[in-house]
Amino acid sequence: MPSRPDSIPPRLQLEGVRKSFGATVALDGVSLAVGAGEVHALVGENGAGKSTLMKVLAGVYAPDAGTMQIDGEFYRPVRPLDARQAGIVMVHQELAIAPHLTVTENITLGAEPMRGPLVDLREARRLAHDALTELGRPDIALDGPAGDLSIAEQQLLEIARAIALGCRVLVLDEPTSSLTLADTEKLFGLVRRLRSQGRSVIYISHFLEEVKEISDRFTVLRDGASVGGGRTADATPDEIARLMVGRSVSELYTRSPRQPGERLLAVENVAGPRKPTAASLELRRGEVLGLAGLVGAGRTELLRAIFGLDPVVDGRVRVAAFSGAATPARRWRQGVGLVSEDRKIEGLALALSIADNLTLTRLPAFVTPARQAADSARWIEKLGVRCAHPLQAIRELSGGNQQKVAVARLLHHEVDVLLLDEPTRGVDVGAKQTIYRVIDELACSGKAVLVVSSYLPELLGLCDRIAVMCRGVLGPARPVAEWDEHKIMLAATATTPARAA
Amino acid sequence: MAATSNASSAAARFRRVLAAFGPAIGLFCACALFAALRWRTFVTADNFAIMLQQTAVIGAGAIGMTVVIIAGGIDLSVGSTVALGTVAIALLLQQHLPPLLAALGGIGTGGLCGLVTGLLVTRLGLTPFIVTLGLMGALRGAAKGLASEQPIYPDDTWLNQLMRLGEHGSLPIGVWLTLALAVLVALMLRYTRFGRHVFAIGSNEQTARLCGVPIERQKILIYVIGGLFGGVAAVLQFAYLTGGDPTTAVGLELNVIAAVVIGGASLSGGQGTVLGSLIGAFIMSVVANGCTKLGMANWVQEIVTGGIIVGAVFLDKLRQGRRD
């Protein structure tokens with residue numbers, strides 16, 4: 001990264017920050033310098049280390065190595081409160097608003113001005129009013145409940161809270177992901193206002209056009225390291241995308257030659273309550289179809305709508321000869337299975353045993369635990385699940401082995417259509433390889449597989465065809481030979497998505 | 001690596017053993033303590049028959065409550081269900097119905113209360129705590145209304161014999177009935193799809209939904225089962241009182257829940273055993289009985305029982321190990 005011309009220390013400077021969790025290296029030497037009155041974009045693929053870096057900055061994780069400085073002074077937070085006191089405030093994608101409290105109470109939350117043992121209400125209102133005025137929105141009623149405000153206004157409330165705290169560095173994490181275009185423009189106006197007041201803003205986004213428009217400088221993270229950056233004006237979106245994905249495809253993936261057969265799943269113009277807005281696809285026997293896109297583009301919602309977990313507002317889903325309303329129970333009976341993206345919250349019942357989790361969808365009316373264990377033992381052996389016993393509680397297993405069980409549930413049910421949502425998230429390389437092998441074997445034996453993944457090499461290595469989803473709209477599925485990471489990235493980060501033909 | 005996994009699986013096995021036998025060990029310790037202090041009066045067949053007789057009503061309620069709590073629910077209306085049930089039985093007997101039909105009527109009344117709970121919980125999406133808190137009051141009121149706020153003592157029938165102690169420490173029929181039903185429900189929980197689904201819903205409702213478990217239907221059934229066992233408890237309570245009383249069994253639900261919790265079930269769902277719950281109920285009877293034998297005042301017993309509930313849950317927490 002080019003050094004700044006002046007000798008004043010930057011507002012925030014990170015050098016060689018490292019952090020690993022067990023054997024997984026999350027941050028592998030990140031350097032970053034943000035000046036006062038600068039909007040600094042932080043970009044990178046999902047899993048590149050952005051959120052870990054922000055958690056280090058916020059004092060949630062302590063770094064293993066490296067230094068952080070604010071205005072030339074060393075900064076070593078050990079808890080989130082330290083970050084706030086140092087003037088670093090985060091505004092996350094999921095807003096942290098207490099909907100029942102008033103606007104004033106939200107803005108001063110945790111930093112209420114006191115008069116003796118009591119909250120100084122007049123001073124609190126003044127602080128809230130000043131912060132909102134500084135943001136150009138003195139019209140927001142101070143005494144109304146925050147829950148009545150729009151999403152954009154709630155976000156503004158969080159920024160107002162940062163200002164009332166006297167923040168020096170404001171971190172905006174994917175701030176436009178749930179905003180309309182008009183609200184996005186207003187947010188940009190706000191960010192420019194903050195910049196002119198001399199505050200620093202770290203702007204995390206996937207949308208490269210946004211990065212071009214709003215930021216002064218940028219840094220690219222890839223595989224936990226800062227791999228490039230500079231003045232935004234000097235770089236094209238194309239060059240930034242190349243920095244984000246530039247790595248070699250490893251030899252992890254297996255894709256045997258296979259012939260697509262009859263159509264098993266047809267999705268026609270499906271729309272959900274919020275996302276997706278328009279999605280059509282066809283899935284055949286003996287085929288692996290990949291869904292690429294950014295987190296929040298609506299891929300998970302599409303899978304859930306197909307499976308009957310989320311309502312379908314418009315459009316049609318047909319599984320083989322079946323059409324009509326879907327419930328998960330019906331889908332299982334029709335031979336469709338889903339692996340949830342979040343195995344801890346939804347995918348697995350952690351307190352139950354491996355056998356219970358594995359056989360849950362296909363229990364006979366009378367269950368014999370010995371039979372359950374024997375059935376499970378077969379899959380445990382086939383997928384190499386490392387465990388003491390089939391009746392062991394699944395929470396005692398590692399993430400990779402838990403995920404193997406989640407996948408094995410579909411194998412045990414002998415489904416024809418597999419809906420896999422981020423099947424290798426948070427699993428080790430060995431488990432990844434097993435899951436890739438299983439997907440290949442299934443496709444070769446005539447099953448149909450639909451994979452959602454945010455890890456592009458994985459999609460390019462596994463799939464026969466790939467479709468890209470962007471802001472709720474699913475693009476056309478093209479043979480994998482017509483895609484590369486760069487093209488997928490551009491399609492996924494387009495401001496106006498290309499509609500399916 | 002291998003060593004740590006062995007160590008952790010050994011620790012896991014130890015925790016499983018504790019989970020299976022913890023309540024039994026607790027019961028043994030309580031009995032041993034009172035036996036050591038009052039051998040002559042405590043360790044007699046008659047005394048154990050009395051303690052079992054006093055456990056039967058709570059035990060019957062605890063069987064149903066175990067199913068409800070494993071599924072992640074709660075039922076605060078059991079005490080009122082029992083009162084309403086005894087009144088229903090008394091009224092049916094006054095109509096000269098055969099005792100068997102009257103008893104089934106009482107059990108059916110309990111099932112109906114459970115059905116109402118189940119429908120309110122699933123169809124209106126209300127939390128079971130609130131629904132059954134409301135029903136606790138409403139059912140008690142209904143019982144008082146039906147009975148004109150008076151206990152009802154119908155003519156003597158064989159129902160009144162159900163809880164009578166026999167000669168030389170032989171157990172009342174009601175105790176055997178409770179034990180038989182407990183075995184049935186324990187087998188159901190372990191060996192049927194329905195039972196496995198109860199555990200799945202309580203452990204992680206979202207996973208159960210993902211796996212196609214019909215959650216609404218299942219929950220309604222679970223509360224009906226809870227209610228039916230409230231009805232069984234009502235039959236036993238009726239036999240004990242030899243009449244229907246709208247003011248009986250106040251606060252019974254808390255004893256029932258305490259028995260289930262002492263028995264190793266988790267109020268957050270997903271775990272629990274019928275055997276454990278019955279042992280939990282019996283522990284409370286043993287403590288009450290033993291304290292009386294020691295000549296302790298009633299208030300001391302209440303403090304001791306309260307301490308046992310908190311202590312049992314704390315031990316359970318230790319058994320679970322540290323969870324992040």
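Criteria and cut-off values
Residues numbered from 1 in each chain as written. Chains lettered and ligands numbered in written order. Predicted model: local features only at pLDDT ≥ 70, side-chain atom pairs only at ≥ 80, totals over all residues. Heavy atoms only, no water. Phe/Tyr/Trp six-rings, centres within 6.5 Å; stacked < 30°, edge-to-face > 60°. Lys NZ or Arg CZ within 6 Å of the ring centre and 35° of its normal. Salt bridge = Lys/Arg side-chain N within 4 Å of Asp/Glu carboxyl O. Helix = DSSP H or I, 4+ residues; strand = E, 2+ residues; numbered from the N terminus. Buried < 20%, exposed > 50% of the residue type's maximum accessible area, 1.4 Å probe, protein only. 1 Å grid on protein atoms, 1.4 Å probe; cavity = no way out; pocket = protein on both sides within 12 Å on 5 of 7 lines; lining within 4 Å. Points joined across faces, edges and corners; volume = space filled by probe spheres on them. Nonpolar A, V, L, I, M, F, W, Y, C, P; charged D, E, K, R; others polar. Pairing = 2+ DSSP bridges. Axes fitted to C-alpha atoms, helices over the stretch in contact; angles between N-to-C directions. Domains from an automatic or database assignment. Contact = heavy atoms within 4.5 Å. Polar contact = N/O pair within 3.5 Å; in protein donor to acceptor, adjacent residues only side chain to side chain. Parallel < 35°, antiparallel > 145°, perpendicular 65-115°, else oblique. pLDDT = per-residue confidence, 0-100. Buried area = accessible area lost by both parts, 1.4 Å probe. Expected span 1.5 Å × (residues − 1). Disulfide = S-S within 2.5 Å.

**Student:** Which residues make up the packing of aromatic side chains, and what values do they have?
**Tutor:** This structure, assessed with the given rule, holds six aromatic pairs over all chains. Stacked on the ring of Tyr455 of chain A, the Lys or Arg Lys432 of chain A has its end atom at 5.2 Å from the ring centre. The residue whose ring lies beneath Arg196 of chain B is Phe199 of chain B, and the NZ or CZ to ring-centre distance is 5.1 Å.

**Student:** Tell me what's going on with the pattern of salt bridges, and back it up with residues and numbers.
**Tutor:** Residue and element names in this part refer to chain A. On inspection of all chains with the given rule, the structure shows 39 salt bridges over all chains. With its nearest N and O atoms 3.0 Å apart, the salt bridge here joins Arg11 to Asp71. Of this pair, Arg11 sits in the segment before β1 (12–21) while Asp71 sits in the loop between β4 (65–70) and β5 (73–74), placing them 60 residues apart in sequence. Overall, the relative accessible area of 13% leaves Arg11 in the buried class. For Asp82, the salt bridge identified is with Arg79, shortest N-O distance 3.4 Å. By relative accessible area, Arg79 is classed as partly exposed at 43%. Via salt bridges that share partners, Glu262, Arg285, Asp416 and Lys447 belong to a single interconnected network.

**Student:** Now, about empty space enclosed by the protein: what can you tell me, with residues and values included?
**Tutor:** All names here are of chain A. Going through the model one piece at a time under the given rule, you end up with four cavities of 30 Å³ or more. The computed volume of the second largest cavity comes to approximately 50 Å³. Around the second largest cavity sit His92, Gln93, Leu95, Ile151, Gln155, Glu174, Pro175, Ser177, Ser178 and Leu179, which together line it. Counted by class, the lining of the second largest cavity contains four nonpolar, five polar and one charged residues.

**Student:** I'd like to hear about the sheet that holds strand β13 (residues 263–271) of chain A, residue by residue, with values.
**Tutor:** Residue and element names in this part refer to chain A. Read from one edge to the other, the open sheet built from three strands follows the order β14-β13-β16, with strand pairing classed as antiparallel. The open sheet has two edge strands with one neighbour each: β14 (279–284) and β16 (314–319). Neighbouring strand axes in the sheet, compared pairwise and without regard to direction, differ in orientation by 5° on average. Summarising the sheet, β13 and β16 pair through five bridges and their orientation is antiparallel. If you follow Leu265 over to β16, its bridge partner there is Val319.

**Student:** For the domain arrangement of chain A, give the residues involved together with the corresponding values.
**Tutor:** Residue and element names in this part refer to chain A. Segmentation of chain A into domains returns domain 1 (10–245) and domain 2 (263–492). Here the C-alpha centroids of domain 1 and domain 2 sit 34 Å apart. With eleven residues of domain 1 at the interface, the matching set in domain 2 holds twelve residues. Put simply, domain 1 and domain 2 have one salt bridge between them.

**Student:** Describe in detail the side chain of Thr109 of chain B, supporting the description with residues and values.
**Tutor:** Tracing the chain through its elements places Thr109 of chain B in helix α5 (residues 99–123). At a separation of 2.7 Å, a polar atom in the side chain of Thr109 of chain B contacts the main-chain carbonyl oxygen of Gly105 of chain B.

**Student:** Residues and numbers for the pairing of strand β3 (residues 39–43) of chain A, please.
**Tutor:** Residues and elements named next belong to chain A. β3 sits mainly inside the fold: five of its five residues count as buried. Where β3 lies against strand β10 (residues 200–204), four bridges are found, and the strand directions are parallel. Pairing of Val39 across the sheet is with Val201, part of β10.

**Student:** Residues and numbers for the packing of helix α7 (residues 173–191) of chain B against helix α8 (residues 193–203) of chain B, please.
**Tutor:** All names here are of chain B. Interaxial distance between α7 and α8 falls to 5 Å at its minimum, and their mutual angle equals 75°. Judged on the interaxial angle alone, α8 and α7 are roughly perpendicular. Where α7 approaches α8, its residues Met188, Leu189, Arg190 and Tyr191 are matched on the opposing element by Arg193, Phe194, Gly195, Arg196, Val198 and Phe199.

**Student:** Describe the confidence of the model for chain B, listing the residues and the values that go with them.
**Tutor:** All names here are of chain B. Predicted confidence across chain B gives a mean pLDDT of 90, with 92% of residues reaching 70 or more. Mean pLDDT in chain B bottoms out at helix α1 (residues 2–37), which sits at 72, and peaks at helix α4 (residues 78–94), which reaches 97. Low confidence marks residues 1–7, where pLDDT is under 50. Its contacts with residues over four positions away, or in another chain, come to zero contacts.

**Student:** Describe the interface of chain A and chain B, naming the residues involved and giving the relevant values.
**Tutor:** Across the contact, 31 residues belong to chain A and 24 residues belong to chain B. For the pair chain A and chain B, the two sides together bury roughly 2,200 Å², of which 57% comes from carbon and sulfur. Interface area lost by chain A to chain B is led by Glu346, Leu352 and Leu360 of chain A, which between them contribute 21%. The interface formed by chain A and chain B contains one salt bridge. Here Asp356 of chain A and Arg196 of chain B are joined by a salt bridge, their closest N and O atoms 2.7 Å apart. Here chain A is connected to chain B by ten residue pairs in polar contact (both at pLDDT 80 or more). Of all the elements in the fold, those that place two or more residues in the side of chain A that touches chain B are α10 (328–333), α11 (343–347) and α12 (354–359) of chain A. Residue contributions to the side of chain A that touches chain B peak at four residues, all from α11 of chain A. Its residues assigned to classes, the side of chain A that touches chain B shows 20 nonpolar, five polar and six charged.

**Student:** So what about the sheet that holds strand β12 (residues 225–231) of chain A? Which residues, and what values?
**Tutor:** All names here are of chain A. Taken in spatial order, the six strands of this open sheet run β6-β9-β10-β3-β11-β12, and their pairing is mixed. The sheet is open, and its two borders are formed by β6 (88–91) and β12, each paired with just one other strand. The sheet shows a mean angle of 20° between the axes of neighbouring strands, direction not considered. Where helix α6 (residues 181–196) meets the sheet, it contacts β3, β9 (169–173) and β10, and its direction lies at approximately 145° from that of β10.

**Student:** Talk me through helix α5 (residues 151–164) of chain A; I want residue IDs and the actual numbers.
**Tutor:** Within an α-helix, residues lying three or four positions from one another point in the same direction, as the helix has 3.6 residues per turn. Residue and element names in this part refer to chain A. If you check α5, its first and last C-alpha atoms are 20 Å apart, about what 14 residues at 1.5 Å a residue would give, namely 20 Å. Burial within α5 is extensive, with eleven of its 14 residues counted as buried. Within α5, the full set of buried residues consists of Ala152, Gln154, Gln155, Leu156, Leu157, Glu158, Ile159, Ala160, Arg161, Ala162 and Ile163. Its buried side turned inward, α5 meets β6, α3 (103–107), α4 (121–134), β9 and α6. Two residues or fewer after α5 comes Gly166, characterised by a positive phi angle close to 75°.

**Student:** Before we move on, could you go through the state of the cysteines and cite the residues and values that matter?
**Tutor:** Residues and elements named next belong to chain B. In the structure shown here, the tally under the stated rule is zero disulfides over all chains. Distance from the sulfur of Cys31, which forms no disulfide, to the nearest cysteine sulfur (Cys29) is 9.4 Å. Given the relative accessible area of 15%, Cys31 is considered buried.

**Student:** Give me the lowdown on unusual backbone geometry, citing residues and values where you can.
**Tutor:** Residues and elements named next belong to chain A. A cis geometry characterises the amide bond from Lys275 onward to Pro276, with omega recorded as -5°. Mapping Pro276 onto the fold places it in the loop between β13 and β14. Phi is positive for Asn269, which is not a glycine, with a value near 50°. For Asn269, the position within the fold is in strand β13.

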